[in-house]
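Now for the letters of each chain:
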Amino acid sequence: MNYFTSLNKYIPSLLITAAFLLLSLQTQAQQTQSGVIKGQVMTEDGKKVLYGTVNLNGKYSVKIDKDGWYTFDKLTSKKNTLTVNITGLAPQTKTVTVETGEEILLDFNLTANAEILNEVFIVGNKYKITSKKKSEYVSRLPISNLENSQVYSVVDKELIKEQMALTVEESFRNVPGAAPAKTGAGMPSFFSRGFQTSENFRNGMATYLRTGVDLAAVERVETYKGPSSTLFGAQMTSFGGIVNYITKKPYDHFGGEIGYTMGSWDLNRMTLDINTPVKDAEGLLVRLNVARQTENTFQDQGNSATLLIAPSITYQVSDRLKFTLNADFQSVQGIAPGGWITSPTLGLSSFKDLNLDYRISLNDNSLVSKQASTNVLLDAEYKISDQWTSQSRYAYGGGTYDDLYIFDFIWQNKSSVDRVLRAFTDEKTVRKNFQQNFTGDFKIGNLRNRLVVGFDYLSSYRSTRYDGLGYGGKVFEPANLDNLGATPVIRIEDVESVLAKRNTGQNQTKESTYSVYASDVLNITDQLLVMASLRVDRYIGDGTTNTKSRTTVGDYNQTALSPKFGLVYQIIEDKVAVFGNYMNGFKNIGSKLQPNGEVSVFKPQEAAQLEGGVKLDLSDKINATVSYYQIDVTNSLRNDVTTQGTFVVQDGTQKSKGLEIEIIGRPFSGFNYVASYGYNDNEFTKSAENVMGKRAAGTPKNVVNLWASYTIVNGKAQGLGLGIGNSYVSDAFIDNTNTFTLSSYNLLDATLFYNRPKYRIGIKANNILDKQYWVSDGYYARPQKPSNFMINFTYKF
């Protein structure tokens, strides 16, 4: 019995056990204390506060009930500090002394009025840039968006909920200039600034995904623009940017929600989010997220079943030391969607010209793939002094293919398609990442320094057995699009009979990287800031060993330096800033055997970005970032054909430049919007002759995104809202020779929702205009969902 099936069998009992365990911990916490504090929380206009929490001694909280009351009973401490926490408002704190057996009445009166609190609850502060742009990961320093010379975007949980997004790639539609993509195995991917990335960071640490990312366990999705090797290294970064998704962490009071979603093509999804402090173990917080989903595809073959289990624990040992342990385990079982490829003999320029119905897959439901991803992160944070903090982090990221079957459908002409099957009959991947950071906030004379000094160790291991059934010689009959009924179906039995006759060894690849880095933000004045950063990176590649041939190839070592500089001047302090940056990215390149028998050793491929722009933060009414960038890539490899043969030379270059605009606003009560535009012009400036002057595959020139919503914040219809979004991605090319076009597409989505303190109902219509469109990962293209709908009900506790 495979891992997915056996785990799935025990899901109901696991959910019930987890729920009862956490509930019992919550109950036990009320049995060891004496003394009572209770009171009512009111607004300045005499209304009861129905939302928010009251925190006791900074350690645990209780919710304010439907009548505005809170209660802490059986207290053991005499002196107690209570703080009222309301999202979007300044906290209010009071201190009181309680004798044994005494009951104290302690009321709070907030300066906010009832109308403000209604809006805080119903609309929240999801577009307020103080929360929207706050990131502890982008620079690994405690600096704000206006102090940071780098451009980044954050898609938070409130926007994710409002858009009813389920996967990380759906969140990319809120990122300026980002065009979502997806690999055949389902890993999230996107194009940005003329480049593509398919690796993802998790809480700032390395992963090794072999599935997608379910947003049920995600607090927010951050994207950092431009080459970012100085802080994040070379193995997982793209020259256009990186993705870092932040997982949900425990909070200091009991709560959670359970949700159910149904929709088109038998979408069936249930989620559980439960959180509790363990009061008998002071400072210990526990949270568990679970998601289970099944869905068919819009095509005539295809389905998927996914399972996510994501526990998280934090332990505040003291006011100086804190431990965090979080993990997620995700499995996918289903039919991997085929990749569409065009042959040079096709003679067409668009998939829309092909003789195939959009809802025909050419796949078969017997070719079941099984994938799994595992992530574990252990974090220890210690406050050395008022100026210095130590953070020690270890991350394990692993994935498996317990058989993965992906068809490559290669169009030879309008009516004939070659069916080539890529079979990964087993695979295991592991990344281990250890990181030590020392962060300081101190002055030298009158100059404020915020400095991080760190060490990073990353090791990777991959073991895979791969067969390309049809590459190098025909294995299966082509599909005849003029007579599909006569085209033989390729079933799992046919595939297994071919694989049984092959003797393919496993390819085992090992590599590791040792890095040290430092980054300092220096305040010349309160308004003028300078950043300087440097990374030294030592890569050790042990190469790839085949277990059949017993040979190893591709082993090499390489050292690289990666600098970064930034300048920020706040024209109006904390409101308007101009910025500029120089950022570096690099990719390690192995040696090559040349036709004359010599071995060429190459330098790392380099990318250098120059960028400048303006950032605005005008309270919560409007926030904007406008930037212009240019990225020059050097040391690229290219083929040089001579009379002696085809040599590999390292003088290839590529240029990418463009403009990005992001505007986030709240012009009046209840109305919020996120709008962005990205323009990119890129070309190969020195390369093989057939791609000279061409665009990189998959990269659109224009991307426009808009999401706007309005929620009624007063009256009987309070909580009723409507959201409308539109995403436009212009034409792109599926090949670097720019002969076959991926047509532009325009996606119109809408949601209708009703948000109340105890429940939320949402209806979502996706691709309302029923557009047929394809996304590419830079080589393959895959058809995407036509018009579809979702309905969700969530109960909050």
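Residues numbered from 1 in each chain as written. Predicted model: local features only at pLDDT ≥ 70, side-chain atom pairs only at ≥ 80, totals over all residues. Heavy atoms only, no water.

Asks: Summarise the side chain of Gln594; cite the residues concerned and give the values.
Replies: Mapping Gln594 onto the fold places it in the loop between strand E34 (592-593) and strand E35 (599-600). Overall, Gln594 belongs to the buried group, its relative accessible area being 7%. There is a polar contact of 2.9 Å between the side chain of Gln594 and the side chain of Ser600. Of the polar contacts made by the side chain of Gln594, one reaches the backbone oxygen of Val648; its length is 2.8 Å. Apart from the residues within four sequence positions on either side, Gln594 is in contact with Ser600, Phe602, Phe647 and Val648. (Helix = DSSP H or I, 4+ residues; strand = E, 2+ residues; numbered from the N terminus. Buried < 20%, exposed > 50% of the residue type's maximum accessible area, 1.4 Å probe, protein only. Polar contact = N/O pair within 3.5 Å; in protein donor to acceptor, adjacent residues only side chain to side chain. Contact = heavy atoms within 4.5 Å.)

Asks: Provide a residue-level description of helix H8 (residues 492-500), including the pertinent values.
Replies: Considered for burial, the residues of H8 that qualify are Ile492, Val495 and Leu499. The arc that holds every buried residue of H8, seen down its axis, measures 60 degrees, which confines them to one face. Of the surrounding secondary structure, the elements contacted by the buried residues of H8 are strand E25 (404-413), strand E26 (416-444) and strand E27 (447-469). (Arc of directions from axis to C-beta.)

Asks: So, the sheet that holds strand E6 (residues 92-97): which residues are in play, and what are the values?
Replies: Sheet architecture is open: four strands sit in the order E3-E2-E5-E6, paired in antiparallel fashion. What marks the edges here is a single partner per strand, and that holds for strand E3 (60-63) and E6. Each strand axis lies, on average, 25 degrees off the axis of its neighbour in the sheet, ignoring direction. Note: strand E2 (residues 53-56) against E3, four bridges, orientation antiparallel. Bridged to Leu56 within E3 is Tyr60. (Pairing = 2+ DSSP bridges. Axes fitted to C-alpha atoms, helices over the stretch in contact; angles between N-to-C directions.)

Asks: Explain the environment of Ser619 to me, and be specific about the residues and the numbers.
Replies: By the element assignment, Ser619 lies in the loop between strand E36 (605-618) and strand E37 (622-642). Considering only alpha carbons, one finds Ser619 and Ile406, 213 residues apart in sequence, at a separation of 50 Å.

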